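Architecture and fold: a report
This is what each chain is made of:
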Amino acid sequence: MKNWKNFLNESIYYHGTTLPKTNANIDNFEQKIGYRVNPMMGVTREVNSPWVFFTDNYNLARKFGSAKTEIYYDNGDFSYETVVLKYDIDESDLNILDLTKDDYEFKLESIGIKLWELYGIGMYEQDQMWDLFDDKEISDIIIKSGIDAVKLIENGTGYNGESLAIHISKVNDVIKKQQ
């Protein structure tokens, strides 16, 4: 199955971001303060998440990256640009929690995260799980359970796809930048 996945290029992911035009590249991911942008709701907030997000959908990566670029442009700073970087990620080197299936609630409960306690019964959507990674306590629970990556569904932005969030402690070891 692994060979078939490689043949289909299913290990190719994209990371959309905003970078200075003078150095539109990422050599190494580091944990730092950044912005979480929800283009559909027009919400921007500062975060210090230890997770790096990749998606299998180029257009979705571009959408998230361009939303961050708009923050700079709105402040009159045009020295940044939207960049979509392409990576080959060896998923076999990751312990992935897959939240893209119908049993995502059970999988989260099995490691001690009860969505109904956090949000209330029925008050959360499967395609909003990325929001969990900004909470330090929840992030720590995930890491302590031995998980270093999580697959998520991305919907509602006009583009659908899957995201792969990889913990900062592992990300630089499993990604290979593509041209």
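The rules behind these values
- Residues numbered from 1 in each chain as written.
- Predicted model: local features only at pLDDT ≥ 70, side-chain atom pairs only at ≥ 80, totals over all residues.
- Heavy atoms only, no water.
- Helix = DSSP H or I, 4+ residues; strand = E, 2+ residues; numbered from the N terminus.
- Buried < 20%, exposed > 50% of the residue type's maximum accessible area, 1.4 Å probe, protein only.
- Contact = heavy atoms within 4.5 Å.
- Polar contact = N/O pair within 3.5 Å; in protein donor to acceptor, adjacent residues only side chain to side chain.
- Core = buried A, V, L, I, M, F, W, Y, C linked by side-chain atoms within 4.5 Å.
- pLDDT = per-residue confidence, 0-100.
- Salt bridge = Lys/Arg side-chain N within 4 Å of Asp/Glu carboxyl O.
- Phe/Tyr/Trp six-rings, centres within 6.5 Å; stacked < 30°, edge-to-face > 60°.
- Expected span 1.5 Å × (residues − 1).

With that settled, consider the environment of asparagine 48. Relative to the elements of secondary structure, asparagine 48 occurs in the loop between strand 3 (43-47) and strand 4 (51-55). Using a relative accessible area of 45% as the deciding quantity, one classes asparagine 48 as partly exposed. Expressed as a C-alpha distance, the spacing of asparagine 48 and aspartate 134, which sit 86 residues apart in the sequence, is 7.1 Å. If sequence neighbours within four positions are ignored, asparagine 48 has contacts with Gln31, Lys32 and Ile33. Of the polar contacts made by the side chain of asparagine 48, one reaches the side chain of glutamine 31; its length is 3.2 Å.

We now examine the nonpolar core. Generally speaking, a soluble globular protein has its nonpolar side chains buried in company with each other. Leu99, Leu108, Met129, Ile142, Val150 and Leu152 are the most contacted members of the largest nonpolar core, which has 20 residues in total. Residue assignment for this core shows that the elements contributing at least two residues are strand 4, helix 3 (104-110), helix 5 (136-144) and strand 7 (149-154). Formed by 18 residues, the second largest nonpolar core is a distinct cluster that contains Leu85, Leu94, Ala149 and Ile168.

The subject of this paragraph is the confidence of the model for the chain. Looking at the chain as a whole, the pLDDT averages 83, with 86% of positions reaching at least 70. In this model, residues 1-9 is a region of pLDDT below 50 whose contacts with residues beyond four sequence positions or in other chains number six contacts.

In this structure the tally under the stated criterion is four salt bridges. Residues glutamate 91 and lysine 151 are paired through a salt bridge, measuring 3.2 Å at the closest nitrogen-oxygen approach. Of the two residues, glutamate 91 sits in the loop between strand 5 (80-89) and strand 6 (96-98) while lysine 151 sits in strand 7, which places them 60 residues apart along the sequence. The pair glutamate 91 / lysine 151 is uniform in exposure class, with both members buried.

Attention now moves to the packing of aromatic side chains. All told, the structure shown has eight aromatic pairs when counted by the stated rule. A centroid spacing of 5.5 Å and a plane angle of 90° characterise the contact between tyrosine 14 and tyrosine 58, whose relative ring orientation is edge-to-face. Note that tyrosine 14 is positioned in strand 1 (residues 12-20) and tyrosine 58 in helix 2 (residues 58-74), a separation of 44 residues in sequence. Residue tyrosine 14 is classed as buried on the basis of its relative accessible area, which comes to 17%. On the basis of relative accessibility, which here comes to 38%, the residue tyrosine 58 falls in the partly exposed class. A centroid spacing of 4.9 Å and a plane angle of 40° characterise the contact between tyrosine 73 and phenylalanine 78, whose relative ring orientation is tilted. Taken together, Phe29, Phe54 and Tyr87 form an aromatic cluster joined through their ring pairs.

Turning our attention to helix 2. With 17 residues, helix 2 ought to run about 24 Å at 1.5 Å a step, and its terminal C-alpha atoms sit 24 Å apart, in line with that. When helix 2 is considered as a whole, its buried residues turn out to be Leu60, Ala61, Gly65, Ala67, Thr69 and Ile71.

Along the polypeptide, threonine 82 turns up in strand 5. Given a relative accessible area of 17%, threonine 82 falls into the buried group. A distance of 2.6 Å separates a polar atom in the side chain of threonine 82 from a polar atom in the side chain of threonine 69. Apart from residues no more than four positions distant in its own chain, threonine 82 is found in contact with Thr17, Arg62, Gly65, Ser66 and Thr69.

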